[in-house]
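Secondary and tertiary structure notes
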Amino acid sequence: MLLAAVFLAAVCIFFLCKAFPLETSRAADTAAINETENVQELLMVNAAPRIIIDAGHGDTDVGTKGVSTGRLEKEVNLEIALKLRTVLEQEGYTVIMTRESDEPIAAANEPDAKKRKAADMKKREEIIRTANADAFVSIHQNFFEKGSGAAGPQVFCRDREAAGYELAKYVQAALNEQLSIQNPRDVNTGDYQLLRPGSQASVIVECGFFSNPEEEQKLQKDDYQQKLAQAVASGIGQYLSEKNG
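All of these numbers come straight from a predicted model, not from anything done at the bench.

Thresholds, definitions, all that
- Residues numbered from 1 in each chain as written.
- Predicted model: local features only at pLDDT ≥ 70, side-chain atom pairs only at ≥ 80, totals over all residues.
- Heavy atoms only, no water.
- Helix = DSSP H or I, 4+ residues; strand = E, 2+ residues; numbered from the N terminus.
- Buried < 20%, exposed > 50% of the residue type's maximum accessible area, 1.4 Å probe, protein only.
- Contact = heavy atoms within 4.5 Å.
- Expected span 1.5 Å × (residues − 1).

1. Quick word on the overall build of the protein chain
Along its length, the protein chain carries six helices and six strands. When the helices and strands of the protein chain are placed in sequence order, the string is α-β-α-β-α-β-β-α-β-β-α-α. For the protein chain, with 245 residues in total, the buried portion stands at 40%. Of the contacts made within the protein chain by residues no fewer than 6 positions apart, 77% connect residues no fewer than 24 positions apart.

Quick look at the structure:
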């Protein structure tokens, strides 16, 4: 009996020694796997293309005004910009917004409108310059002073030698195609202030004409704004795909 008890005790000790190192090993393996997954997630976030979205105007700078509804450009710009952010984030992009509301982004206590706008633009330039982004897109609404017939989206870049020219072509093509524009426009150029900072591709998207009563009303509709956002995001994706091979 004594021998049997000793044998059983020895067997128990043997299996206990085997069991605890195994659990320790499993815990270590699990921790290593979790750490690896965290590093991979961090690398994926850091590697994601970075896009700056600028909702044009804002605060005391209202932009243009719709001829039929009196709606302010700054309001519609923000609505479309926020939709574009959602689309891009759903596709895995990192998005930096110059503004997310109508609150001033600089010089909130400055009573002089011109100085307030100058501070606002300076802040936007700083955001663009320091974001280390792959692309910058500024959302606007167009206005033609000499008549109400002008219509359709148009994309601007600084010039045909600028990095934004290729991006402008892809975004313009996506807008013309996906919005079924009857009289499609070509990319245009202009040495606009916010197209200068940074080395990323920069464009301004004039989504349509607030001087055209029919188009102005369409630009305020949620479904059309969503189509605009989808088209701009599509153009950005095609540009980056081509750029990165």
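2. What to know about helix 2 (residues 73–90)
Relative to the 26 Å expected for 18 residues at 1.5 Å per residue, helix 2 spans 26 Å between its end C-alpha atoms, a close match to the ideal helical length. Buried within helix 2 we find E73, K74, V76, N77, L78, I80, A81, K83, L84, V87 and L88. On the buried face of helix 2, the contacting elements are strand 1 (50–55), strand 2 (94–97), strand 3 (135–142), strand 6 (201–209) and helix 6 (222–243). Two residues or fewer after helix 2 comes G92, characterised by a positive phi angle close to 95 degrees.

3. Observations concerning unusual backbone geometry
Despite not being glycine, H57 shows a phi value in the positive range, around 65 degrees. For H57, the position within the fold is in the loop between strand 1 and helix 2. Here D59, not a glycine, exhibits a phi torsion of approximately 60 degrees, which is positive. With respect to the helices and strands, D59 occurs in the loop between strand 1 and helix 2. Overall, the relative accessible area of 15% leaves D59 in the buried class.

4. Focus: the environment of A151
Residue position: A151 is located in the loop between strand 3 and strand 4 (154–157). With relative accessibility at 30%, the residue A151 sits in the partly exposed group. Sequence separation between A151 and E216 is 65 residues; the distance between their C-alpha atoms is 9.3 Å. The contact partners of A151, leaving out residues within four places of it in the chain, are R185, F209, N212 and E215.

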